[in-house]
Amino acid sequence: VLSVPTAGPRGVRVLFSEPGVQADDVIRDLVSAEPKGRQVVVATSDRAVVTSVQRRGAYAVPSATLLARLNRV
């Protein structure tokens, strides 16, 4: 059974990709949809995703960094 949080810390959005859709593609699309200049941080340990979101102007942090921050809340 998958538990989906109803609310997260302020500024954190949790999304799941639709069945058959690669989550990496959803992440790239979301980053690309943000206005230029808006600060976007993507938590991922996937090197290919890091490279592609950085090319789109987002910052990338390791997934462990996000988990550590969430555990402090």
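Residues numbered from 1 in each chain as written. Predicted model: local features only at pLDDT ≥ 70, side-chain atom pairs only at ≥ 80, totals over all residues. Heavy atoms only, no water.

A few words on the overall build of the protein. Looking only at helices and strands, one finds three helices and two strands in the protein. For the protein, the N- to C-terminal ordering of α and β elements is α-β-α-β-α. Counting across all 73 residues of the protein, residues that qualify as buried make up 14%. Taking the contacts inside the protein whose residues are at least 6 apart along the sequence as the reference set, 20% of them involve residues at least 24 apart. (Helix = DSSP H or I, 4+ residues; strand = E, 2+ residues; numbered from the N terminus. Buried < 20%, exposed > 50% of the residue type's maximum accessible area, 1.4 Å probe, protein only. Contact = heavy atoms within 4.5 Å.)

In terms of nonpolar packing, the biggest core is built from six residues, these being Val 31, Val 40, Val 42, Val 49, Val 53 and Ala 58. Those residues in contact with Val 53, other than ones at most four positions away along the chain, are Ile 27, Val 31, Val 42, Ala 58 and Ala 60. (Core = buried A, V, L, I, M, F, W, Y, C linked by side-chain atoms within 4.5 Å.)

Interhelical geometry of helix H1 (residues 23-33) versus helix H2 (residues 47-55) gives an angle of 15° and a closest axis separation of 10 Å. Put simply, H1 runs roughly parallel to H2. The two elements H1 and H2 meet at a crossing, and its hand is right-handed. Mapping the contact onto sequence places Asp 24, Ile 27, Arg 28 and Val 31 in H1 and Ala 48, Val 49, Ser 52 and Val 53 in H2. For the contact of H1 with H2, the per-class residue count stands at five nonpolar, one polar and two charged. (Axes fitted to C-alpha atoms, helices over the stretch in contact; angles between N-to-C directions. Parallel < 35°, antiparallel > 145°, perpendicular 65-115°, else oblique. Left-handed = near helix turned anticlockwise from the far one by under 90°. Nonpolar A, V, L, I, M, F, W, Y, C, P; charged D, E, K, R; others polar.)

The next subject is a nonpolar patch on the surface. Residues Val 12, Val 14, Phe 16, Leu 66, Leu 67 and Leu 70 make up a contiguous nonpolar surface patch of roughly 490 Å² in combined accessible area. Tracing the sequence through the fold places Leu 66 in helix H3 (residues 63-72). Overall, Leu 66 belongs to the partly exposed group, its relative accessible area being 33%. (Patch = residues over 30% accessible without salt bridge, like charges linked within 9 Å, V, L, I, M, F, W, Y side chains within 5 Å. Areas by Shrake-Rupley, 256 points an atom, 1.4 Å probe, with all protein chains shown as cover. Salt bridge = Lys/Arg side-chain N within 4 Å of Asp/Glu carboxyl O.)

Moving on, we come to the side chain of Arg 28. Within the fold, Arg 28 resides in helix H1. In this structure Arg 28 touches Ala 48, Val 49, Ser 52 and Arg 56, once residues within four positions along its chain are discounted.

Let's shift gears to the layout of surface pockets. Computed from the structure, the second largest pocket encloses a volume of approximately 170 Å³. Along the walls of the second largest pocket sit Val 31, Ser 32, Glu 34, Pro 35, Lys 36, Gly 37, Arg 38, Val 40, Arg 55, Arg 56, Gly 57 and Ala 58, which together make up its complete lining. (1 Å grid on protein atoms, 1.4 Å probe; cavity = no way out; pocket = protein on both sides within 12 Å on 5 of 7 lines; lining within 4 Å. Points joined across faces, edges and corners; volume = space filled by probe spheres on them.)

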